[in-house]
Amino acid sequence: MPLKCILFFSHRCGLPEKVLPVALRIHLIHSIPFSHHPLAMASEPTTEKLPFYASCDVADALLALKVPSAGYIPDIHLWSPQYKAGYTRVFGPAYTVKMVPVTDKESPKSDQHFVDAIPEGSVVCISQPANMVNAVWGGLMTARAQIKGALGVVVDGRIRDLNEQREAGFPVFAKATSIMGAGPFTRATTLNIPIEMQPNPNHPAVTIHPGDYIVADTDGVVVIPKDMLAQVEAHCKKSTAVDDQCMTALKSGESIVETFKKYRG
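All values reported here derive from a predicted model rather than from experimental measurement.

1. A closer look at the overall build of the protein chain
And step 1. For the protein chain, the helix and strand inventory stands at 8 helices and 11 strands.
And step 2. Of all 265 residues assigned to the protein chain, the portion counted as buried reaches 46%.
And step 3. In the protein chain, the proportion of contacts linking residues at least 24 apart, taken out of those at least 6 apart, comes to 70%.

2. Looking at the packing of helix H7 (residues 229–251) against helix H8 (residues 256–263)
And step 1. Where H7 meets H8, the axes come as close as 10 Å, and the angle between the chain directions of the two elements is 150 degrees. Seen from above, H7 lies across H8 with right-handed handedness. Between H7 and H8, the residues in contact are Val242, Gln245, Cys246, Ala249 and Leu250 and Ile256, Thr259, Phe260 and Tyr263, respectively.
And step 2. Looking at the contact of H7 with H8 residue by residue, the classes come out as 7 nonpolar, 2 polar and no charged.

3. Observations concerning the confidence of the model for the protein chain
And step 1. On average, residues of the protein chain score 83 in pLDDT, and 81% of them are at 70 or above.
And step 2. Within the protein chain, no element has a lower average pLDDT than helix H1 (residues 3–12), which sits at 29, and none a higher one than strand S4 (residues 123–127), at 98.

4. Here's the deal with the pattern of salt bridges
Side-chain pairs of opposite charge can arise where the charged atoms are in close proximity.
And step 1. Scanning all chains against the criterion turns up 6 salt bridges.
And step 2. In this structure, Asp217 and Arg89 form a salt bridge, with 3.1 Å as the shortest nitrogen-oxygen distance. Here the residue Asp217 occupies a position in strand S10 (residues 213–217), and Arg89 occupies one in strand S3 (residues 89–101), the gap between them amounting to 128 residues.
And step 3. Exposure remark for Arg89: the relative accessible area of 11% places this residue in the buried category.
And step 4. Arg144 is the partner of Asp116 in a salt bridge, and the nearest nitrogen-oxygen pair spans 2.8 Å.

5. As for the nonpolar core
Nonpolar side chains in soluble globular proteins tend to be buried together.
And step 1. Judged by nonpolar contacts, the single largest core of 24 residues is most densely connected at Val97, Phe114, Val124, Ile126 and Trp137.
And step 2. Elements with a minimum of two residues in this core: S3, S4, helix H5 (139–148), strand S5 (152–159), strand S6 (172–177) and strand S7 (186–191).
And step 3. With residues near it in sequence (within four places) discarded, Val97 still touches Phe114, Val124, Cys125, Ile126, Ser127, Ala188, Leu191 and Ile195.
And step 4. The next biggest cluster of nonpolar side chains, apart from the first, holds 18 residues, and it includes Ile76, Ala94, Leu151 and Ile195.

6. Some points on the pairing of S4
And step 1. Across the 5 residues of S4, 5 count as buried, placing the element largely inside the fold.
And step 2. Going residue by residue along S4, you find Val123, Cys125 and Ser127 tucked away on one face and Val124 and Ile126 tucked away on the opposite face as well.
And step 3. Summarising the sheet, S3 and S4 pair through 5 bridges and their orientation is parallel. The residue of S4 that forms the bridge with Ala94 is Val123.
And step 4. As judged from the 5 bridges shared by S4 and S5, these two strands associate in the parallel manner. Note on S5: the bridge partner recorded for Ser127 is Asp156.
And step 5. Taken together, S4, H5 and S5 constitute a β-α-β crossover, and its handedness is right-handed.

7. Quick look at unusual backbone geometry
And step 1. In this structure, the amide linkage connecting Ser80 to the following residue, Pro81, adopts the cis form with an omega of 10 degrees.
And step 2. Along the chain, Pro81 falls in the loop between strand S2 (77–80) and S3.
And step 3. A positive phi is found at Asn131, a non-glycine position, where the angle reads about 65 degrees.
And step 4. Tracing the backbone shows Asn131 in the loop between S4 and H5.

8. Brief notes about H5
And step 1. Those residues of H5 lying buried are Gly139, Met141, Thr142, Ala145 and Gln146. Along H5, the residues classed as buried sweep out an arc of 150 degrees about the axis, all on the same side.
And step 2. At the C-terminal side of H5, Gly149 shows a positive phi close to 90 degrees.

9. A closer look at helix H4 (residues 55–64)
Residues separated by three or four positions in an α-helix point in the same direction, a consequence of the helix having 3.6 residues per turn.
And step 1. Among all positions of H4, only Ser55, Asp57, Val58, Ala59, Ala61 and Leu62 are buried.
And step 2. In this structure, the buried side of H4 is in contact with S10, strand S11 (220–224) and H7.
And step 3. Lys66, located one to two residues past H4, shows a positive phi value of around 65 degrees.

Conventions we followed
Residues numbered from 1 in each chain as written. Predicted model: local features only at pLDDT ≥ 70, side-chain atom pairs only at ≥ 80, totals over all residues. Heavy atoms only, no water. Helix = DSSP H or I, 4+ residues; strand = E, 2+ residues; numbered from the N terminus. Buried < 20%, exposed > 50% of the residue type's maximum accessible area, 1.4 Å probe, protein only. Contact = heavy atoms within 4.5 Å. Axes fitted to C-alpha atoms, helices over the stretch in contact; angles between N-to-C directions. Left-handed = near helix turned anticlockwise from the far one by under 90°. Nonpolar A, V, L, I, M, F, W, Y, C, P; charged D, E, K, R; others polar. pLDDT = per-residue confidence, 0-100. Salt bridge = Lys/Arg side-chain N within 4 Å of Asp/Glu carboxyl O. Core = buried A, V, L, I, M, F, W, Y, C linked by side-chain atoms within 4.5 Å. Pairing = 2+ DSSP bridges. Right-handed = clockwise from strand over helix to strand, strands pointing away. Arc of directions from axis to C-beta.

Okay, here's the thing in C-alpha cells:
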C-alpha cells in the first residue's frame, strides 16, 4: 500500500497515530502537502493548513508584543526536504544542544550522545561555534532522530549529507553545508541548557531556552518564549484574519493605500 494510503487509512479507520512507526510518521508528515494532511489539521485546531502560524506572522506578533529582535534567528534556511521551497513547517518545543571545539577541555561532557537524548516531538536546536568549517549534523543523525520522533533540526552552523536528508524527508534548517564531519572538530557539551544563536552584524544574538517554541518554514526560523505561546497565538489569529481581508481586497483591484486604511486602520 502506498505511504499516503497508509496514513489516510489509519485515520479513516480511527486508528491512533501511534500505530505507525515513528520514522514512518515523521516521513509522512513532511511528504504530503499540509493542506491535505490530517495530522496537521488535528494538531492545531486554530489553523487550517500548516502547523501553527507562519514564521512571518509569528515574528510580527512578537514585535507587537515587544520581544527583542522578534525572536528571529537570521541567516538560517531550509535545506531539506527542499531548499527554501515547498510546504514544510516545523512547530514544537526546543531541545537544545551546545557544541564546543574538541580543544575545549573545560566544558562538561554529556553522559549520552545528544541524538540519543532527543525527546519525542521536539525540535533539535544546535549552536555551533562561529567560523568552524565542519558539519554538526549528518544523515546518520537524521536516521536516529526520526526514530526518536524529532520534528526537525535547526543548526546555527553547518550540515552535510543533503541527499540523505532529503531522501528521508526530514526538515533541516541550517546556515551552510560542509563535507567534513564533526568528530575531529566539535563535540556536544551539557544538553538542554539555554543556547545562544550567533548574531550577524545587524541583528543581536537570540537565546533559545529548553521548551521555547520553534516555528521554522521556508521564510526562516523564529523562537517563541514558552510563556508567551498563548499571546502569540491570539495575536496571529487576529492579524492573519486582517491579512486575509487585505488579500481579498487587493486581488479584487483595490489599492494598497485604500486596503490598508480600511482593514489595518
